[in-house]
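The residues making up each chain are set out below.
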Amino acid sequence: MDRSTLPAVAEELLREIKKAFQETSQVPDELLLGLKFIFGPAAIPALDLVDQRSVTRLRSPSGRILYQVLGSSGKLYTCYSSCHFCTCPAFGFSVLQKSESLLCKHILAVYLSQALGACQELAVSEEQLTNILLAEEEDEG
């Protein structure tokens, strides 16, 4: 499976959630059940993160975008929705090493906040964006 894309059924579910929310300002129960079925244990914590407005979309003047999610532990994680990657330990273990999950709660929160229009927006300079990316590399190394 190409890691940069979600399975078609997951993409379709997120599209349906976005459409339903735009039309009714809520997400029907059957779509919430679908979310839990497809994404498993990440679904409820991801919805909690969206409710708490924990997702911030960072955009640089050149148009580069990345997301930061304030985790339930208070730690800030950097998510790349374009390549379907998060810097949290759960992503590295459950998604990459064990292939137990499609994604972690932070990336799912990014996708849900996009669908529900619940992202906080923050304009950053190219230098600030670069510093965030470099800081993540130092944390991992």
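- Looking at an unreviewed UniProt entry, the chain carries the name Zinc finger SWIM domain-containing protein 7, with the source organism given as Lonchura striata.

**Notes on the packing of helix α1 (residues 8–24) against helix α5 (residues 105–116)**
At step 1: Packing of α1 against α5 brings their axes to within 8 Å, and their N-to-C directions diverge by 35 degrees. At the point where α1 passes α5, the crossing takes the right-handed sense. Facing α1, whose interface residues are Leu14, Ile17, Lys18 and Phe21, α5 presents Tyr111, Leu112, Ala115 and Leu116.

**Remarks on the packing of aromatic side chains**
At step 1: Across all of its chains, the model carries two aromatic pairs by this definition.
At step 2: Judged by centre distance (6.1 Å) and plane angle (40 degrees), the ring pair of tyrosine 80 and phenylalanine 85 falls under tilted.
At step 3: The class for phenylalanine 85 is partly exposed, based on a relative accessible area of 26%.
At step 4: Consider the rings of phenylalanine 85 and phenylalanine 91, whose centres lie 5.1 Å apart with planes at 80 degrees: the pair is edge-to-face.
At step 5: Three or more aromatic residues joined by ring pairs make a cluster, and in this case those are Tyr80, Phe85 and Phe91.

**Looking at helix α2 (residues 29–39)**
At step 1: Along α2, the residues classified as buried are Leu31, Gly34, Leu35 and Phe39. Buried residues in α2, looked at end-on, bunch into an arc of 105 degrees, giving them a common side. Pointing more than 90 degrees away from the buried face of α2 are the exposed residues Asp29, Glu30, Leu33 and Phe37.
At step 2: On its buried face, α2 sits against α1, α3 (43–51) and α5.
At step 3: Positive backbone phi, at 60 degrees, marks glycine 40, one or two positions downstream of α2.

Thresholds applied
Per chain, residue numbering runs from 1 following the sequence as it is written. Per-residue local features are limited, in this predicted model, to residues with pLDDT of at least 70; the limit for side-chain atom pairs, both in listing and counting, is 80 or more; totals at the level of whole chains, interfaces and linings are taken over all residues. Side-chain descriptors were evaluated using all non-hydrogen atoms of the structure, hydrogens and water having been removed beforehand. A fitted line through C-alpha atoms serves as each axis, taken over the contacting stretch for helices, and the angle formed by two N-to-C directions is quoted from 0 to 180°. Helix and strand definitions follow DSSP, with helices as H or I runs of at least four residues and strands as E runs of at least two, each counted in order from the N terminus. Two helices crossing with the near one rotated counterclockwise from the far one by less than a right angle form a left-handed crossing, whereas a clockwise rotation gives a right-handed crossing. By the convention used here, residues are in contact when the closest approach between their heavy atoms is within 4.5 Å. Classification of ring pairs uses Phe, Tyr and Trp, with its six-membered ring standing for Trp, and accepts pairs whose centres are within 6.5 Å; under 30 degrees between planes counts as stacked, over 60 as edge-to-face, and the remaining range as tilted. Under the scheme applied here, a residue whose accessible area is under 20% of the maximum for its type counts as buried, over 50% as exposed, and between as partly exposed, the area being computed with a 1.4 Å probe on protein chains only. Picture the helix axis, draw a direction to every C-beta atom, and the arc is the one those directions span.

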